[in-house]
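So the chains spell out like this:
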Amino acid sequence: MEAGALVIFALLVLFAFLGLGVWATVKAVGAAKRGVDRTITQARRTVEDTTLRARSLGQVGVTAGLAQLRLDLRTSMRATQQTLYRGVQTDSSLRESIGLFERLSEHGHDLDAELKRLEQEPDRKRIAASLPDLRERTRKITESADSLRWAARERARRFAEDELSALSEQIEVESGALRDWSRESVDDLTAAAASWDAGAPETRAGGSKESRPAALNPASAPVRHPWQKAPRPETTA
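Please read these numbers as outputs of a predicted model, since none were measured by experiment.

1. A closer look at the overall build of the protein chain
1) Next: A count of helical and extended segments in the protein chain gives four helices and zero strands.
2) Next: From first element to last, N terminus to C terminus, the protein chain shows the α and β order α-α-α-α.
3) Next: Across the 237 residues that make up the protein chain, the buried fraction comes to 19%.
4) Next: Taking all contacts inside the protein chain whose residues are at least 6 apart in sequence as the whole, residues at least 24 apart take part in 66%.
5) Next: Within the structure as shown, the protein chain displays about 18,800 Å² of accessible surface, and the carbon and sulfur contribution to it stands at 60%.

Written out as structure tokens, the structure reads:
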């Protein structure tokens, strides 16, 4: 009976270790997959941005206009996203700003998708007619994103300036305390040296009367007690 219980316990431990191994493997594979996905996304984004820059500079007309709008939109939104998500790590009050930015991002994604579809539209006249409206929508989104980004940066800058000012004041107070301590120490040492010099001659001469050894003092008269006999006088015979 005991042997069977030990076998069951060993199997449970084995299954637990196997489960942990499978869980760790799944986590590692998931992390690796997310890392690969991020790398692919960043590479695709870089290629697409480079293509948009080439179109906005190397072409004219509707194609260049659409490319420039997409480039402006993506650049502004990406810069604001980086600023807010980095800033919230040290300033939790930016969470509300991030919520507003995520709502703004929905409009930005919709506009970017629409601009991307229009790049493949063969009717250039219709696209040219819609460009003013597209520019206006892009302007509203980018201005809102820019406003959030610059407000977050200004907030971070003011916090840094306030912290620097407080630190400078603390350093000035500490520096003053150090200087006062140094002067007092020098004064104490000077007073101690003067006192030692004043007592040095007397010490070299043998010290004061009070400090002389007891053996150098005259012997005091012996104390007589009532139970002691008087000493006999000496005869001169």
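2. Considerations on the nonpolar core
1) Next: Ranked by size, the top nonpolar core spans 21 residues in total, and within it L66, M77, L111, L115, L134 and I141 carry the most contacts.
2) Next: Elements supplying a minimum of two residues to this core: α2 (62-87), α3 (95-118) and α4 (124-204).
3) Next: The dominant element in this core, judged by the number of residues it contributes, is α4, at seven residues.

3. Some points on the pattern of salt bridges
1) Next: This structure, assessed with the given rule, holds eleven salt bridges.
2) Next: Note that D91 and R155 form a salt bridge whose closest N and O atoms lie 2.5 Å from each other. Within this pair, whereas D91 is found in the loop between α2 and α3, its partner R155 is found in helix α4, the two being separated by 64 residues in sequence.
3) Next: Here the salt bridges do not stand alone but share partners, grouping R70, R74, D112 and E119 into one network.

4. A word on α3
1) Next: The first and last C-alpha atoms of α3 sit 35 Å apart over 24 residues, in line with the 34 Å expected at 1.5 Å per residue.
2) Next: Every buried residue of α3 is accounted for by S97, I98, F101, L104, S105, G108, L111, D112, L115 and L118.

5. What about a nonpolar patch on the surface?
1) Next: Nonpolar side chains collect at one region of the surface, where L164, L167 and I171 lie side by side and expose about 280 Å² of accessible area between them.
2) Next: Relative to the helices and strands, L164 resides in helix α4.
3) Next: In this structure L164 comes out as exposed when scored by relative accessible area, which is 52%.

6. So, the side chain of T80
1) Next: Mapped onto the fold, T80 is located in helix α2.
2) Next: A relative accessible area of 0% places T80 in the buried class.
3) Next: Once you skip the residues sitting within four places of it in the chain, T80 turns out to touch F101, A145, D146, L148 and R149.

7. Topic: the packing of α2 against α3
1) Next: For the pair α2 and α3, the least separation of the axes is 10 Å and the interaxial angle reads 160 degrees. When the axes of α2 and α3 are compared, the pair comes out roughly antiparallel. In this structure, α2 meets α3 at a crossing whose hand is left-handed. Contacts between α2 and α3 involve L66, L69, R70, L73, R74, M77, T80, Q81, L84 and Y85 from the former and S97, I98, F101, E102, L104, S105, G108, L111, D112, L115, K116 and L118 from the latter.

8. A short note on the environment of V88
1) Next: As for its placement among the helices and strands, V88 is situated in the loop between α2 and α3.
2) Next: For the pair V88 and A152, spaced 64 residues apart in sequence, the C-alpha separation works out to 9.4 Å.

9. As for the confidence of the model for the protein chain
1) Next: Residues with a pLDDT of 70 or more make up 61% of the protein chain, whose mean pLDDT is 77.
2) Next: The least confident element of the protein chain is helix α1 (residues 2-58), whose mean pLDDT is 65; the most confident is α3, at 95.

Rules of the game
Note that residues are indexed from 1 along each chain, following the sequence as it is written. Thresholds applied to this predicted model are a pLDDT of at least 70 for local features of residues and 80 or more for the giving and counting of side-chain atom pairs; totals over whole chains, interfaces and linings are not thresholded and use all residues. Heavy atoms throughout the structure, all of them, feed into the side-chain values; hydrogens and water do not. Each helix corresponds to a stretch of at least 4 residues labelled H or I by DSSP, and each strand to a stretch of at least 2 residues labelled E; elements are numbered beginning at the N terminus. Each residue is placed in one exposure class: buried if its accessible area under a 1.4 Å probe, protein chains only, is under 20% of its type's maximum, exposed if it is over 50%, and partly exposed if it falls in between. We call two residues contacting when some pair of their heavy atoms lies within 4.5 Å. Note on areas: Shrake-Rupley, 1.4 Å probe, and residue coverage restricted to the protein chains presented here. To form a nonpolar core, buried Ala, Val, Leu, Ile, Met, Phe, Trp, Tyr and Cys residues must be joined to one another through side-chain atoms within 4.5 Å. Salt bridge criterion: a side-chain nitrogen from Lys or Arg within 4 Å of a carboxyl oxygen from Asp or Glu. One fewer than the residue count of a helix, multiplied by 1.5 Å, yields its expected span. Only residues above 30% relative accessible area that lack a salt bridge enter a patch, with like-charged residues linked at up to 9 Å and the nonpolar side chains Val, Leu, Ile, Met, Phe, Trp and Tyr linked at up to 5 Å. Geometry is summarised by axes, namely lines fitted to C-alpha atoms with helices restricted to the contacting stretch, and by angles between N-to-C directions that run from 0 to 180 degrees. Here the word oblique covers every angle except those under 35 degrees (roughly parallel), over 145 (roughly antiparallel) and from 65 to 115 (roughly perpendicular). By definition, any crossing whose near helix is turned counterclockwise from its far helix by less than a right angle is left-handed, and any crossing with a clockwise turn is right-handed. Confidence of the prediction at every residue is given by pLDDT, a number between 0 and 100.

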